[in-house]
Amino acid sequence: MDSKTQEKLDLAVQRYVEALDLDSICELARDNLRRYYQNCPTNAEMQRFIDEMEVTDASIKGETNEN
């Protein structure tokens, strides 16, 4: 990609991001994270993320592990 096209792309991305509202930003982040972890070469990285976010089988059933 030539430098002029790169500059145009950068400006277009900047304008797009500036126009986003919080809901749109959250939706983009959610979609990008899901896509990233679904396409990981190994399940280990995805599992580390799931563990870090403290998601368990009970979590997806709506149960809590609070004592």
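So, a few notes on the structure that sits alongside this text. (Residues numbered from 1 in each chain as written. Predicted model: local features only at pLDDT ≥ 70, side-chain atom pairs only at ≥ 80, totals over all residues. Heavy atoms only, no water.)

As for the overall build of the protein
Next, step 1: Helix and strand counts for the protein come out as four helices and zero strands.
Next, step 2: Sequence-ordered secondary structure for the protein, helices as α and strands as β, is α-α-α-α.
Next, step 3: For 67 residues, the compact-globule estimate of 2.2 N^0.38 gives 11 Å, and the protein exceeds it by more than 25% at 18 Å.
Next, step 4: With the C-alpha coordinates aligned to their principal axes, the bounding extent of the protein is approximately 55 × 30 × 15 Å.
Next, step 5: Here the protein holds 67 residues, and the buried ones make up 6% of them. (Helix = DSSP H or I, 4+ residues; strand = E, 2+ residues; numbered from the N terminus. Rg over C-alpha atoms; globule rule 2.2 N^0.38 Å. Buried < 20%, exposed > 50% of the residue type's maximum accessible area, 1.4 Å probe, protein only.)

Structural notes on a nonpolar patch on the surface
Next, step 1: Side chains of Met1, Leu9, Val13, Tyr16, Val17 and Leu28 sit close together on the surface and give an oily, nonpolar patch of about 580 Å² of accessible area.
Next, step 2: The element contributing the most residues to the nonpolar patch is helix H1 (residues 3-18), with four residues. (Patch = residues over 30% accessible without salt bridge, like charges linked within 9 Å, V, L, I, M, F, W, Y side chains within 5 Å. Areas by Shrake-Rupley, 256 points an atom, 1.4 Å probe, with all protein chains shown as cover. Salt bridge = Lys/Arg side-chain N within 4 Å of Asp/Glu carboxyl O.)

Comments concerning unusual backbone geometry
Next, step 1: Phi at glutamate 54 takes a positive value of approximately 55°, unusual for a residue other than glycine.
Next, step 2: Mapped onto the elements of the fold, glutamate 54 is located in the loop between helix H3 (43-52) and helix H4 (57-60).

Some details on the environment of alanine 58
Next, step 1: Topologically, alanine 58 is positioned in helix H4.
Next, step 2: What makes alanine 58 buried here is its relative accessible area of 14%.
Next, step 3: Alanine 58 sits 25 residues away from leucine 33 along the chain, and the two C-alpha atoms are 22 Å apart.

Some details on the packing of aromatic side chains
Next, step 1: Under the definition given, this model contains two aromatic pairs.
Next, step 2: Relative to tyrosine 37, the ring of tyrosine 36 has its centre 4.8 Å away and its plane inclined at 85°; by these criteria the two rings are edge-to-face.
Next, step 3: A residue is classified by how much of its surface remains accessible, and tyrosine 37, at 16% relative accessible area, is buried.
Next, step 4: A ring pair is formed by tyrosine 37 and phenylalanine 49, whose centres lie 4.3 Å apart and whose planes are at 10°; its orientation type is stacked. On the criterion of sequence distance, the pair formed by tyrosine 37 in helix H2 (residues 22-38) and phenylalanine 49 in helix H3 is long-range, its members being 12 residues apart.
Next, step 5: Judged by relative accessible area, which is 25%, phenylalanine 49 ranks as partly exposed.
Next, step 6: Taken together, the aromatic side chains of Tyr36, Tyr37 and Phe49 make up a single cluster linked through ring pairs. (Phe/Tyr/Trp six-rings, centres within 6.5 Å; stacked < 30°, edge-to-face > 60°.)

By themselves, these observations are geometric and do not establish any function.
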